[in-house]
Structure formats: C-alpha cells, structure tokens
Amino acid sequence: MSPPLDTVGCAPVRAVDAVLERLRALDASLHPRDGVAVFNRVYLTVTSEFAELLGDGRFPDRRSASALGTLFAERYLAVADTDRGGGRLPACWRPLFRLRGHPGVRPVQFALAGINAHIGHDLVLAVVDTCRAVGCRPADLEDEFERVGDLLASLEERVREELMPGPDLFQVADPLTHLAGAWSLERARDTTWSMARALWALRRTPELAEEFTGRLDAAVGVVGRMLLTPLDR
C-alpha cells in the first residue's frame, strides 16, 4: 500500500527514512547469497543516496521528489511482502524470486534482473502514482525523474564493477559478458518515461490502462527471465 499523501508530501525526508528502515529490515531477514538479497543491497545503497540528496536540498521540488522515490520503493516492498505471504507476484518480479537460489545464476544477474523489474515496470506505475498523489502531470515530474534516473545510472555502473568477475576470471568469451551487456539501464529509462506518459494518457479508460499495465508487466518479465539464464561456472 502506498503511504498517505500527508506522509509523502509534508515530511519528505521522514517518508524516505521509513522506506530505508524497511529495506534494512528486509536485508537483515535474507541470506546474503539470496538473489533477492543481492538486489535489495543494491537498492538500499541507491535509496540511501537518494535520502542524502533529498535532505541536502538537491531536489528543487522536495515534495514531488519524495513522493516519487517513496512510491517507487513501495512497489518493490509490496512485492517482498506478497512473497512472504505466499501470494502471486507480478510477472516482472517472478523470475528473480523463483530463481533466487539457483546455483548457476551469478550475483550480477540477480542485481540486473531486479533493476530491470523495478525500472521497467514499477517506475512506470510510480510516476502515475505520484502524479495522482501530488496533483500534477508527468511533464511536471520530468526533472525529478531525470535526477532519480541519474542515480540509478550510477548504480548500474557500480553493480557491473562490483559484481562482475575479476580480470582473472573474466574473459571476452564468457557468456556473462554478452548477457549483461545486452541490457542497458539508459535504454530502459527512456522506455520507462514513454510508458509512464502513455499510461497517464490512458487514465480515463481503465480497461485499456489495465491491459497496457498487464502487457508491460509480462514484457518486463520476459527480459528478466533472459537476464537470469543460468550460466556454467
């Protein structure tokens, strides 16, 4: 469930701090080698950086930035709650949660699959959630979206640097090189913005909006499944 508007809008730093507490609690509950834990650690890092920038006044519109960051995180946290409760997960998250313990899937694959689901699906819905919460249009959130996207881009670079094998193991012929290189956060971010604008345009036609969201969920899930292709060690 998304936080109430007064929580998101009037206390932006506190709202993000509450999200951080939940991410830390989730991290503490997961085995370090769990594929979901790999993504959660990555996401916890970027959310901590987001909170620092928000607290330092680096976002001109703190209310909108906080709403976007908080509602975005809530999408992932809701999936984690659904998983713990044994419920059915969105198609975009299903590959990561189903393959989270597969011995043939490497840490960078878990991280990228989580980023793919969160950016490709959750961020689309979070933009629309935020527009409804603060009473604006997607165009009014473009600056906040771009700043959050810049944070995520730096995160992708860090993931590749820290989780890809070292020079002694890493070879140009390694299938992981080609698999990880086939997905780009920059391209995903551009697509996400287009999808968010399209979904907003469909807001007065609920049936079409629901169909659009379902197809987006399925398409992102297919990409996630490919990213999690088991590789021989």
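Procedures and definitions
- Residues numbered from 1 in each chain as written.
- Predicted model: local features only at pLDDT ≥ 70, side-chain atom pairs only at ≥ 80, totals over all residues.
- Heavy atoms only, no water.
- Helix = DSSP H or I, 4+ residues; strand = E, 2+ residues; numbered from the N terminus.
- Contact = heavy atoms within 4.5 Å.
- Polar contact = N/O pair within 3.5 Å; in protein donor to acceptor, adjacent residues only side chain to side chain.
- Axes fitted to C-alpha atoms, helices over the stretch in contact; angles between N-to-C directions.
- Parallel < 35°, antiparallel > 145°, perpendicular 65-115°, else oblique.
- Left-handed = near helix turned anticlockwise from the far one by under 90°.
- Expected span 1.5 Å × (residues − 1).
- Buried < 20%, exposed > 50% of the residue type's maximum accessible area, 1.4 Å probe, protein only.
- Arc of directions from axis to C-beta.
- Nonpolar A, V, L, I, M, F, W, Y, C, P; charged D, E, K, R; others polar.

Caption draft 1: Quick peek at the environment of Pro-90. Take Pro-90: it is sitting in the loop between helix H4 (62–84) and helix H5 (94–98). Remark: the alpha-carbon pair of Pro-90 and Asp-217, spanning 127 residues in sequence, is separated by 6.8 Å. Setting aside anything within four residues of it in sequence, one finds Pro-90 in contact with Val-79 and Asp-217.

Caption draft 2: Representation of the side chain of Arg-100 in the model. Within the secondary structure layout, Arg-100 lies in the loop between H5 and helix H6 (107–134). Within the structure, Arg-100 has its side chain in polar contact with the side chain of Asp-34 (distance 2.8 Å). In this structure the side chain of Arg-100 is engaged in a polar contact, spanning 3.0 Å, whose partner is the side chain of Asp-83. Not counting chain neighbours up to four residues away, the residues in contact with Arg-100 comprise Leu-30, Arg-33, Asp-34, Gly-35, Val-36, Asp-83 and Phe-110.

Caption draft 3: Representation of the packing of H4 against H6 in the model. The contact between H4 and H6 brings their axes to 8 Å, and the two run at 135°. The angle between H4 and H6 places the two elements in the oblique class. For H4 against H6, the interelement crossing comes out right-handed. Across from Arg-63, Ser-64, Ala-67, Leu-68, Leu-71, Phe-72, Ala-73, Arg-75 and Tyr-76 in H4, the residues of H6 making contact are His-118, Ile-119, Asp-122, Leu-123, Leu-125, Ala-126, Val-127, Asp-129, Thr-130, Ala-133 and Val-134.

Caption draft 4: Structural detail: helix H10 (residues 206–227). Taking 1.5 Å per residue as the helical rise, H10 with its 22 residues ought to reach 32 Å, and the 32 Å between its terminal C-alpha atoms agrees with that figure. When we look at burial in H10, the residues that qualify are Ala-209, Thr-213, Leu-216, Asp-217, Val-220, Gly-221, Gly-224 and Leu-227. Burial along H10 is one-sided: seen end-on, the buried residues are contained in an arc of 135°. Among the exposed residues of H10, those pointing more than 90 degrees away from its buried face are Glu-207 and Arg-215.

Caption draft 5: How the structure looks around the packing of helix H3 (residues 35–55) against H4. It is at 11 Å that the axes of H3 and H4 come closest, and there the two elements cross at 170°. Viewed along their axes, H3 and H4 adopt a mutual orientation that is roughly antiparallel. On the side of H3, the interface is formed by Val-36, Phe-39, Asn-40, Tyr-43, Phe-50, Leu-54 and Gly-55, while H4 contributes Arg-62, Ala-65, Ser-66, Gly-69, Phe-72, Ala-73 and Tyr-76. In terms of residue class, the contact of H3 with H4 is built from nine nonpolar, four polar and one charged.

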